[in-house]
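# Survey of secondary and tertiary structure
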Amino acid sequence: RESDKHVYGRDGQVRVIHSGDGRRWESAALLSEKGVDLRDPKISETPDGRLMIVMGGSVYDGRTLVTRQSRVAFSADGRSWAQPRKVLSAGQWLWRVTWHEGKAYGVTYEAGTSDEWPQRLYRSDDGLTWECITKLDVPGKAGETTLRFLPDGRMMAFVRRETGNLFAWMGTSGAPYTEWRWHEAQHRVGVPNFIVLPDGRIWAAGRSHTDGVKTAVGRLSETGYEPVLTLPSGGDTSYPGLVWHEGLLWMSYYSSHEGKAAIYLAKIGLPAD
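Note that the structure is predicted; figures quoted are calculated from it, not measured.

With that out of the way, let us pick up the overall build of the protein chain. Looking only at helices and strands, one finds zero helices and 21 strands in the protein chain. Over its C-alpha atoms the protein chain spans a radius of gyration of 18 Å, differing by no more than 12% from the 19 Å that the globule rule assigns to 273 residues. Referenced to the eigenvectors of the C-alpha coordinate spread, the extents of the protein chain come out at roughly 45 × 40 × 40 Å. Among the 273 residues that make up the protein chain, the fraction classed as buried is 48%. Pairs at least 24 residues apart make up 39% of the contacts formed inside the protein chain by residues separated by at least 6 positions. Element-wise, carbon and sulfur atoms account for 48% of the exposed surface of the protein chain, whose accessible area totals about 13,200 Å². Here the protein chain carries 34 positive and 33 negative side-chain charges, and the mean point of each set is 4 Å from the other.

Next comes the structure, spelled out in structure tokens:
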């Protein structure tokens, strides 16, 4: 996302960049919508090989949020993108999309002034039309949520919370994903993301508040989270992207510890245990 501000930015845009080696990066596309702050974009791959971006679309009147509605956009080559299209209802933020066995899954949340932020699990065949599976009963203004699938087919969720003790929650559920078991992470994790490796190990990343505001990566299980590595970071930071590639964890994130906010890419060798 490119904008003049983290929040209340004027016409936030989404830029897609690409690289053949992870070192030299070039712009591939720029997505925009007049009068709308497009933000928090995340790429996934559809079952037919296209790329899909899910993003928020916020409209402001000065410093007042007028409305917010999620958007999706598709591309066959990463360079030519269809115009972002609205999905779900106004006020629902579809945070991240994960595809599994031909279907897309994601969790929405509705940030507002109430004591709790309603969270719902959705499923889609095409990324455009979504059906609600169940409501997630996570207290404490639960928001940004990443979903992945475990080797045994169960779904796992990693959830950020904004009130109470602020600790993130992990949950698991078997198909049809309507009954959940939840555990507390014992750590505050902002913008949580995680990846299930080919051997079944789970690693997660997000914003840490243990020693100031940093971006950290650590071990994740169904019952706990253990930060292991703090990345060079600080200030406005986090929003990690995770890819397993050639035996290394490739992790993108952004940070403002060197002044102007910038994107960073780390290649991380993980311990076997």
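With that settled, consider the environment of Arg154. By the element assignment, Arg154 lies in the loop between strand E11 (142-149) and strand E12 (155-161). A C-alpha to C-alpha distance of 19 Å links Arg154 and Asp125, two positions 29 residues apart in sequence. Apart from residues no more than four positions distant in its own chain, Arg154 is found in contact with Arg148, Phe149, Thr172, Ser173, Gly174 and Glu222. Within polar-contact distance, the side chain of Arg154 engages the side chain of Glu222 at 2.5 Å.

As a further point, take the side chain of Lys42. When you line up the elements, Lys42 lands in strand E3 (residues 37-45). The buried charged residue Lys42 lacks any salt bridge partner; its closest oppositely charged side chain belongs to Asp40, at an N-O distance of 5.2 Å. Separated by 2.6 Å, the side chain of Lys42 and the backbone oxygen of Asp40 make a polar contact.

Residues Ile17, Trp25, Ile263 and Leu265 make up a contiguous nonpolar surface patch of roughly 390 Å² in combined accessible area. The residue Leu265 is located in strand E21 (residues 262-268) in this model.

Here we come to the sheet that holds E21. Strand order across the open sheet formed by three strands is E19-E20-E21, with antiparallel pairing between neighbours. Each edge of the sheet is formed by a strand with only one pairing partner; in this case those strands are strand E19 (238-245) and E21. Between one strand axis and the next, the sheet turns through 20° on average, direction left out of account.

Take the sheet that holds strand E6 (residues 85-86) next. Reading across the sheet, the four strands line up as E3-E4-E5-E6 and stay open at both edges, with antiparallel pairing between neighbours. Where the open sheet ends on each side, the last strands, each with one partner, are E3 and E6. Two elements, strand E5 (residues 64-75) and E6, share two bridges in a ladder whose sense is antiparallel. Pairing of Val72 across the sheet is with Arg85, part of E6.

This part takes up the layout of surface pockets. Quantified by volume, the second largest pocket comes out at close to 470 Å³. Arg68, Trp93, Tyr109, Ala111 and Glu144 are, among the 21 residues lining the second largest pocket, the residues nearest its centre. Listed by contribution, the elements that provide at least two residues to the lining of the second largest pocket are E3, strand E4 (51-61), E5, strand E7 (93-100) and E11. Considered class by class, the residues forming the lining of the second largest pocket number 10 nonpolar, four polar and seven charged.

Glancing now at the pattern of salt bridges. Applying the stated rule across the entire model yields 16 salt bridges. Between Arg1 and Asp37 there is a salt bridge, with the nearest N and O atoms lying 3.0 Å from each other. Of this pair, Arg1 sits in the segment before strand E1 (14-18) while Asp37 sits in strand E3, and the two are 36 residues apart along the sequence. The partly exposed category is assigned to Arg1, whose relative accessible area is 33%. Across the pair Arg219 and Glu226 runs a salt bridge, and its minimum N-O distance is 3.5 Å. Of the residues examined, Glu226 reaches a relative accessible area of 42% and is grouped as partly exposed. Where salt bridges share partners, they join Arg1, Asp37, Arg39 and Asp40 into one cluster.

Rules behind the numbers
The numbering scheme is per chain: residues are counted from 1 as the chain's sequence reads. Residue-level local features of this predicted model are given only where pLDDT is at least 70; pairs of side-chain atoms are given and counted only at 80 or more, and the full residue set underlies all totals for whole chains, interfaces and linings. Hydrogens and water are ignored here; the side-chain numbers use all heavy atoms of the structure. In this text, helices come from DSSP runs of H or I with a minimum length of four residues, and strands from runs of E with a minimum of two, each type numbered from the N-terminal end. The quantity called the radius of gyration is restricted to C-alpha atoms. Its globule counterpart is 2.2 Å times the number of residues to the power 0.38. Burial classes follow relative accessibility: with a 1.4 Å probe on protein chains only, a residue under 20% of its type's maximum area counts as buried, one over 50% as exposed, and anything between as partly exposed. In this description, contact between two residues means that some pair of their heavy atoms is separated by no more than 4.5 Å. Values of accessible area rely on a 1.4 Å probe in the Shrake-Rupley scheme; residue burial ignores everything except the protein chains shown. Counted charges follow a simple rule, with Lys and Arg positive, Asp and Glu negative, and His plus the chain ends left uncounted. In plain terms, the charge of a residue is placed at NZ if it is Lys, CZ if Arg, CG if Asp and CD if Glu. Here a polar contact means two N or O atoms within 3.5 Å. Within protein one must be a hydrogen donor candidate and the other an acceptor candidate, and residues neighboring in sequence count only if both atoms are side-chain atoms. In what follows, salt bridge is the name for a side-chain nitrogen of Lys or Arg lying within 4 Å of a carboxyl oxygen of Asp or Glu. The patch calculation keeps residues exceeding 30% relative accessible area without a salt bridge and links them within 9 Å when they carry like charges or within 5 Å when they are nonpolar (Val, Leu, Ile, Met, Phe, Trp, Tyr). Strands were regarded as paired on the criterion that DSSP finds at least two bridges between them. Note on geometry: axes are lines fitted to C-alpha atoms, helical ones only across the stretch in contact, with angles between N-to-C directions running from 0 to 180 degrees. Here a cavity means grid points, on a 1 Å grid over the protein atoms only, where a 1.4 Å probe fits yet cannot get out; a pocket means an open set of points with protein on both sides within 12 Å along at least five of seven lines; lining residues are those with an atom within 4 Å of a point. Grid points are joined across faces, edges and corners, and a volume is the space filled by probe spheres set on the points. In the scheme used here, Gly and all other residues not listed as nonpolar or charged are polar, with Ala, Val, Leu, Ile, Met, Phe, Trp, Tyr, Cys and Pro taken as nonpolar and Asp, Glu, Lys and Arg as charged.

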